[in-house]
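Topology and contacts: notes
Here is how the chains run, residue by residue.
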Amino acid sequence: MPQVLVLGGGQAGLAAGYFLRRAGLSFQLLDAGPAQGGAWQHGWDTLTLFSPAQHNALPGWAMPPLPGGGFPGRDAVIAYLAAYEARYAIPVLRPVRVTGLHRAAAGLRAEAEDGRSWTAPAVISATGTWSAPHLPDLPGRARFAGRQIHSAQYRRPQDFAGQRVLVVGGGNSGAQVMADLDGHAAALAWVTERPPVFLPPEVDGRVLFERATARWQAARQGLPPPEGLPAGGLGNIVQVPAVAAARARGLLEGRPPLARLEARGGVWPDGARFEADAIIWCTGFRPALDHLAPLGLEAGPAGAPVAVTASGRCLAEPRLWLLGYGDWTGAASATLAGVTRAARQVVAEIAAT
Ligand code: FAD
């Protein structure tokens, strides 16, 4: 029996694995994916990171810089995560989808879809969000006769060649997908809940991470957020080159929310219409936590789906830690750069326990 089970073998699971090895604990990762790379395996072809490679380091080893500089894309991240896993000999079993985590005499028992089970005295859940796409409840959604996909399923613009496409959602995914479709789709409309917020061109993921760190350090000392720290969270739009170019072409003007969908497209409150062949929902993700249902955990404050301590330890089940799902499990923990701090803290607590 391993001392620690880690559910999920994406960037958060690997960061945990790195610190578990350093702490000399025995551990096993279980990952539902068919191959290395976590959520990045499912990203679209041109998905681009928010900052240069060297600012996207997991613990111990940074992503090798791209030969020509610039922001790495999906395939570079997958290659990095696969090499990282091999470099630190992190033991991952694939594909193993954990369907339920149960209380047992010797710890917590993870039961998998294929009938196998593993028990350990401590469990880190790091299953990410990609497998739980969120779709808003817009009236008439079921009546739309065209194709509907979530950004989680979007791959390449050629799949929408000559089509009229409605893109819903004003974050980074929406902006990148709009930029990607330009020149392929016959007509495009971008619907955003509020006017899209573009970060200044010089603000990339590194700057956002530094701001998140400053806020985290202040919160840790019980202080208010540092004065003069510009607003701008990880949800605001980073002007990666394709987005900056699309914006300069006037493509990225968000339109207000629709009143409803009909069989042939979207209708705004003032009666204006957009006839669409397809809708791409870039409306975010929720933490993939179905496997925790058997534990009957309660939600936490401020929208946290599970009540956890500042280090992500579950209040109702102290043998369980949650890692990498978002700020509620550690500031910027859902990013390559930010997960190190959260993973280090989780493993330090487990080792102390
Ligand atoms: P994942 O990568 O999703 O890994 C979780 C793993 O757990 C998966 O392999 C999954 O198969 C497995 N799993 C799920 N459920 C189970 C289960 N029940 N049992 C077993 N295994 C399971 N992040 C950055 O750091 N920098 C960026 O610049 C950046 N840019 C982005 C740009 C866009 C447009 C988008 C959409 C995202 C971006 N992200 C970026 C975010 C990043 O993709 C995710 O936040 C990240 O993949 C989360 O890592 P994770 O390890 O927590 O989850």
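Residues numbered from 1 in each chain as written. Predicted model: local features only at pLDDT ≥ 70, side-chain atom pairs only at ≥ 80, totals over all residues. Heavy atoms only, no water.

Taking an unreviewed UniProt entry as the reference, the protein chain is identified by name as NAD(P)/FAD-dependent oxidoreductase belonging to Falsiroseomonas selenitidurans.

1. As for the sheet that holds strand E8 (residues 147-150)
Spatial ordering of the open sheet is given by E8-E14-E9-E10, a layout of four strands whose pairing is parallel. A single partner strand is all that each edge strand has here, and the edge strands are E8 and strand E10 (187-191). Geometrically, the sheet is characterised by an average inter-axis angle of 15° between neighbouring strands, direction not taken into account. In this sheet, E10 lies alongside strand E9 (residues 164-168) in parallel orientation, the contact comprising five bridges. (Pairing = 2+ DSSP bridges. Helix = DSSP H or I, 4+ residues; strand = E, 2+ residues; numbered from the N terminus. Axes fitted to C-alpha atoms, helices over the stretch in contact; angles between N-to-C directions.)

2. What to know about unusual backbone geometry
Note that the residue after Arg94, namely Pro95, is joined by a cis bond; omega there is -20°. Phi is positive for Ala302, close to 55°, though the residue is something other than glycine. Structurally, Ala302 can be placed in the loop between strand E14 (278-281) and strand E15 (320-322). One non-glycine residue with positive phi stands out, namely Ala332, at about 55°. Its location among the elements puts Ala332 in the loop between E15 and helix H6 (339-352).

3. A word on the packing of aromatic side chains
All chains considered together, the criterion is met by 10 aromatic pairs. Judged by centre distance (5.0 Å) and plane angle (90°), the rings of Tyr18 and Tyr88 are edge-to-face. Of the two residues, Tyr18 sits in helix H1 (residues 11-22) while Tyr88 sits in the loop between helix H2 (74-87) and strand E3 (92-93), which places them 70 residues apart along the sequence. The same class applies to Tyr18 and to Tyr88, which are both buried. Ring centres 5.9 Å apart and planes at 25° place the aromatic pair Tyr325 and Trp328 in the stacked group. We classify Tyr325 as buried; its relative accessible area is 6%. Cluster of aromatic residues (ring-pair linked, three or more members): Tyr18, Phe19, Trp61, Tyr80, Tyr84 and Tyr88. (Phe/Tyr/Trp six-rings, centres within 6.5 Å; stacked < 30°, edge-to-face > 60°. Buried < 20%, exposed > 50% of the residue type's maximum accessible area, 1.4 Å probe, protein only.)

4. Details of the sheet that holds strand E7 (residues 122-125)
Taking strand neighbours across the sheet as the criterion, the five strands line up as E3-E2-E1-E7-E15 in an open arrangement whose pairing is parallel. Edge strands, defined here as strands with exactly one partner in the open sheet, are E3 and E15. Both E7 and E15 contribute to a ladder of three bridges, which runs parallel. Of the residues in E15, the one forming a bridge with Val123 is Leu320.

5. Concerning the layout of surface pockets
Here the second largest pocket defines a volume of roughly 220 Å³. What lines the second largest pocket is a set of 15 residues, and nearest its centre among them are Thr309, Ala310, Asp327, Trp328 and Gly330. Considered class by class, the residues forming the lining of the second largest pocket number 10 nonpolar, three polar and two charged. (1 Å grid on protein atoms, 1.4 Å probe; cavity = no way out; pocket = protein on both sides within 12 Å on 5 of 7 lines; lining within 4 Å. Points joined across faces, edges and corners; volume = space filled by probe spheres on them. Nonpolar A, V, L, I, M, F, W, Y, C, P; charged D, E, K, R; others polar.)

6. Remarks on empty space enclosed by the protein
Scanning the model with the defined rule gives one cavity of 30 Å³ or more in all. When its volume is computed, the largest cavity comes out at roughly 50 Å³. Residue lining of the largest cavity: Trp216, Ala310, Ser311, Thr329, Gly330, Ala331, Gly338, Arg341, Ala342 and Gln345, and that is the complete set.

7. Let's talk about the site of the ligand
With respect to spatial proximity, 29 residues lie near the ligand, and among them Asp31, Phe50, Val98, Ala334 and Leu336 are the closest. Ala39 places a polar main-chain atom, nitrogen or oxygen, 2.9 Å from an oxygen atom of the ligand. Phe50 is positioned such that a nitrogen or oxygen atom in its backbone is 2.7 Å from an oxygen atom of the ligand. Out of a free accessible area of 1,000 Å², the ligand has 91% covered by protein chains. (Near = heavy atom within 4 Å. Polar contact = N/O pair within 3.5 Å; in protein donor to acceptor, adjacent residues only side chain to side chain. Areas by Shrake-Rupley, 256 points an atom, 1.4 Å probe, with all protein chains shown as cover.)

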